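Given next are the chains, with one letter for each unit.
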Amino acid sequence: MARPFPYLLLPPLWASRNRARRRERGDFSRALLFGGVAVAVCASLYQGSFWLTGQLADYEELGDYLLRIGLSWLFLTFLSFLAFSGVVTALSTFFLADDLRLLVVAPIATRRLFYARFTRTVIQASWMVVIFLAPVLVGVGRARCAGAGFYAMALATVVPFVVIPVAAGAALTLLLVNTFPARRARDLLMLMGLLFAASLVVVLRVIRPEQLLRVESLPDVTGFFATLQSPATPLLPSFWAGETLFASLRGGRDLLHAGALWTTALASVVMVRMANERWYFSGFSRSQEAPKARFARFRAIDAIVHATPMSPIRRQLLIKDVKIFLRDVSQWSQLLLLLALVLLYLYNFRVLDLQRIPYMSGFVKSVYALVNLGMAGFVMATVAVRFVFPAVSSEGAAFWIVRTSPVSMRDFLWSKFWAGLVPVLLLTELLTVVANQFLGVDPFLEIASAAAIFCMSFALVGLAIGLGARYPRFGADPSQVAGSDGGVAFMVQAVMFVIVMIALVGWPSSLYLMQQVRGRPLTSAQQLLTAGCFAAALVLSVTVWIASMRSGVSALEAMSD
């Protein structure tokens, strides 16, 4: 008879096996695409670590010192990621999984259930770290001509290294769930994680690390290297792992730090198991509390939407979509990271020093303005595929209510369009206008870029809504919907549309700027050509917008029949 602990690990494996056997449409293309990307990333990491380790070998003792510190930094980086990932994953596996309602009341010992859930948590929280870490360590070993003992030691080091932070994350999760409801704790952690990531991105850019490449900054580089060892605290598992692998690279053994890794990992598992046996049931009971709908009575949303010139049905649908979006922290909190990237993008234009080439600054500014237009278009397409394309699919199983209600599919789809247009338009116009202001480009190019973004917003949002209605996936997560066949088809068409729009707007704009540099006005033929390109861009945008919306409405109406 099967023991309960290993048997509890089989259902996820069976589910994956059955999913692979079904072979739904698009599985092969998605596997080929993402598999190719994964292979390319791993190959790049391997080649980069191999090259860097080989370069460090030329510096003898200094190279060994930098490699030793680099290994500690590498594990320190993954240590923080594993700790946060362990908290978020433990919330899902220990308290929010759908099968827990059956397992908790089943005749299964709490200890057996803990071991099964903890094993699943370790695998889910660390698989990405292992995938990124493996090619780096293989590259380091190959560059140092390490034997099979190094790779065996690497495996024996990585296993306890990933267990320690995940165990700490599971313990913190148990504490949080007994303090807050599980869903509220998950939202809080997700928000804190995105705020941390956004702050880190902004801070790393504001300190302007490219200044280290300047000759006048070389005296500071010595102090920079002197501070490299400051985070390598001997009490952290990252230091133990780095020391163990570095000793193995040199053909020796560091049993002290290897023993510290394994004993700490085993002790942390035992301590978390004891705490789990004491407080798990109370935390699981609190996790069953329903979340509060804080935005259900937010009157400001109703007042703003009612002020718009829309029909009453579309207003109510728009209010519903906005409140549902605001209730889902996993959706709107991602905008914080996007906002940080926008600030970083604008800051790059703010610190751009074009005065070093004054005789070409005007031409370079115009080139940057056209590049900014293209980047804003690609950002628009990316935001649309993530937040706008899944708009219809986000209805989920409740879509049958829309189908059976006295609401036309036209009103339903157009409410989705207006809900997605406003934020996309504001974001991309902000990127374009502010970046052009920082650059100080010609007013003609400023107006042309702003008008092009305005037209592209209507077209791309309409294209995303229309294709999202033609290829809905009501049972999938919004991120999965964005990566489906329909999402890939949207990105291909969106990129082609952006390229055509840049050509239609950029070519006459560059012609105008060249004539300005020469001090000549546009000829009649050039003015006619410029007006024709701008008119073609407008007609193309309107055509894509209207045709996509009509196609989406027709698809939903055919689905309702």
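Look up: the structure comes first, before these words.
Now for a description of the structure that goes with this document. (Residues numbered from 1 in each chain as written. Predicted model: local features only at pLDDT ≥ 70, side-chain atom pairs only at ≥ 80, totals over all residues. Heavy atoms only, no water.)

**Some details on the overall build of the protein**
Okay, so step 1: Each helix and strand in the protein was counted, giving 22 helices and 0 strands.
Okay, so step 2: Burial status across the protein gives 40% buried among its 561 residues.
Okay, so step 3: Within the protein, contacts between residues separated by at least 24 positions form 82% of all contacts whose residues are at least 6 apart in sequence.
Okay, so step 4: For the protein, the accessible area works out to roughly 30,300 Å², and carbon and sulfur atoms hold 69% of it. (Helix = DSSP H or I, 4+ residues; strand = E, 2+ residues; numbered from the N terminus. Buried < 20%, exposed > 50% of the residue type's maximum accessible area, 1.4 Å probe, protein only. Contact = heavy atoms within 4.5 Å. Areas by Shrake-Rupley, 256 points an atom, 1.4 Å probe, with all protein chains shown as cover.)

**Comments concerning the pattern of salt bridges**
Okay, so step 1: This model, assessed by the stated rule, comprises 2 salt bridges.
Okay, so step 2: Between Glu277 and Arg111 there is a salt bridge whose closest N-O contact spans 3.0 Å. Within this pair, whereas Glu277 is found in helix H11 (residues 255–287), its partner Arg111 is found in helix H6 (residues 110–143), the two being separated by 166 residues in sequence.
Okay, so step 3: A relative accessible area of 37% places Glu277 in the partly exposed class.
Okay, so step 4: According to the relative accessible area criterion, Arg111 is partly exposed, its value standing at 39%.
Okay, so step 5: A salt bridge links Arg273 to Glu277, with the nearest nitrogen and oxygen atoms 3.8 Å apart. In this pair, Arg273 and Glu277 both sit in helix H11, 4 residues apart, roughly one turn of the helix. (Salt bridge = Lys/Arg side-chain N within 4 Å of Asp/Glu carboxyl O.)

**Re the environment of Phe81**
Okay, so step 1: With respect to the helices and strands, Phe81 occurs in helix H4 (residues 60–96).
Okay, so step 2: On the accessibility criterion, Phe81 (39% relative accessible area) is partly exposed.
Okay, so step 3: Taking the C-alpha atoms as reference points, Phe81 and Val129, 48 residues apart in sequence, are found 8.3 Å from one another.
Okay, so step 4: In this view, Phe81 contacts Ala125 and Val129; residues no more than four positions away in its chain are not counted.

**Brief notes about the packing of helix H7 (residues 148–177) against helix H10 (residues 237–249)**
Okay, so step 1: In contact at an axis separation of 9 Å, H7 and H10 are set at 175 degrees when each is read in the N-to-C sense. Comparing their axes, H10 and H7 come out roughly antiparallel. On the side of H7, the interface is formed by Gly149, Phe150, Met153, Ala154, Thr157, Phe161 and Ile164, while H10 contributes Pro237, Ser238, Ala241, Thr244, Leu245, Ser248 and Leu249.
Okay, so step 2: A per-class count over the contact of H7 with H10 returns 9 nonpolar, 5 polar and no charged. (Axes fitted to C-alpha atoms, helices over the stretch in contact; angles between N-to-C directions. Parallel < 35°, antiparallel > 145°, perpendicular 65-115°, else oblique. Nonpolar A, V, L, I, M, F, W, Y, C, P; charged D, E, K, R; others polar.)

**Structural notes on the nonpolar core**
Okay, so step 1: Counting residues in hydrophobic clusters, the biggest one holds 51 residues, and the most contacted among them are Phe95, Phe118 and Phe161.
Okay, so step 2: Only H4, helix H5 (100–105), H6, H7, H10 and H11 provide two or more residues apiece to this core.
Okay, so step 3: With 49 residues, the next largest nonpolar core counts Ala391, Val392, Met501 and Val544 among its residues. (Core = buried A, V, L, I, M, F, W, Y, C linked by side-chain atoms within 4.5 Å.)

**Regarding the packing of aromatic side chains**
Okay, so step 1: For the coordinates displayed, the defined rule picks out 17 aromatic pairs.
Okay, so step 2: On the numbers, 6.4 Å between centres and 70 degrees between planes, the contact of Phe94 with Tyr280 is edge-to-face. Of this pair, Phe94 sits in helix H4 while Tyr280 sits in helix H11; the two residues are 186 residues apart in sequence, bridging distant segments of the chain.
Okay, so step 3: What makes Phe94 buried here is its relative accessible area of 5%. (Phe/Tyr/Trp six-rings, centres within 6.5 Å; stacked < 30°, edge-to-face > 60°.)

**Topic: a nonpolar patch on the surface**
Okay, so step 1: Together, Val37, Val41, Phe81, Trp127, Met128, Ile131 and Phe132 make up an exposed nonpolar region whose accessible area comes to about 610 Å².
Okay, so step 2: Breaking the nonpolar patch down by element, the ones donating at least two residues are helix H3 (27–56) and H6.
Okay, so step 3: Counting residues per element, the nonpolar patch draws most heavily on H6, at 4 residues. (Patch = residues over 30% accessible without salt bridge, like charges linked within 9 Å, V, L, I, M, F, W, Y side chains within 5 Å.)

**Points about the side chain of Asp411**
Okay, so step 1: When you line up the elements, Asp411 lands in helix H18 (residues 409–439).
Okay, so step 2: On the basis of relative accessible area, Asp411 is assigned to the buried category, the value being 16%.
Okay, so step 3: A polar atom in the side chain of Asp411 sits 3.1 Å from the side chain of Ser408.
Okay, so step 4: In contact with Asp411, not counting residues within four places along its chain, are Ser311, Ile313, Arg314 and Leu317. (Polar contact = N/O pair within 3.5 Å; in protein donor to acceptor, adjacent residues only side chain to side chain.)

**Focus on unusual backbone geometry**
Okay, so step 1: One non-glycine residue with positive phi stands out, namely Cys145, at about 55 degrees.
Okay, so step 2: Given a relative accessible area of 69%, Cys145 falls into the exposed group.

**Here we look at the packing of H18 against helix H19 (residues 443–470)**
Between two packed helices, both the angle of their axes relative to each other and the distance between the axes serve to describe the pair.
Okay, so step 1: The interhelical angle for the contact between H18 and H19, taken along N-to-C directions, is 150 degrees, at an axis separation of 9 Å. In terms of their interaxial angle, H18 and H19 are classed as roughly antiparallel. At the point where H18 passes H19, the crossing takes the right-handed sense.
Okay, so step 2: By residue class, the composition of the contact of H18 with H19 is 14 nonpolar, 8 polar and 3 charged. (Left-handed = near helix turned anticlockwise from the far one by under 90°.)

**Some remarks on the environment of Lys416**
Okay, so step 1: Within the element layout of this structure, Lys416 appears in helix H18.
Okay, so step 2: Residues Lys416 and Val461, spaced 45 residues apart in sequence, show a C-alpha to C-alpha distance of 9.6 Å.
Okay, so step 3: Not counting residues up to four positions away in its chain, the partners in contact with Lys416 are Lys320, Asp321, Ala391, Ser394, Glu395 and Ile465.

**Comments concerning the environment of Gly468**
Okay, so step 1: Residue placement: Gly468 occurs in helix H19.
Okay, so step 2: Given the relative accessible area of 1%, Gly468 is considered buried.
Okay, so step 3: As a C-alpha pair, Gly468 and Ala555 span 87 residues in sequence and 10.0 Å in three-dimensional space.
Okay, so step 4: If we ignore the near neighbours within four places in the chain, the residues touching Gly468 are Phe389, Val392 and Ser393.

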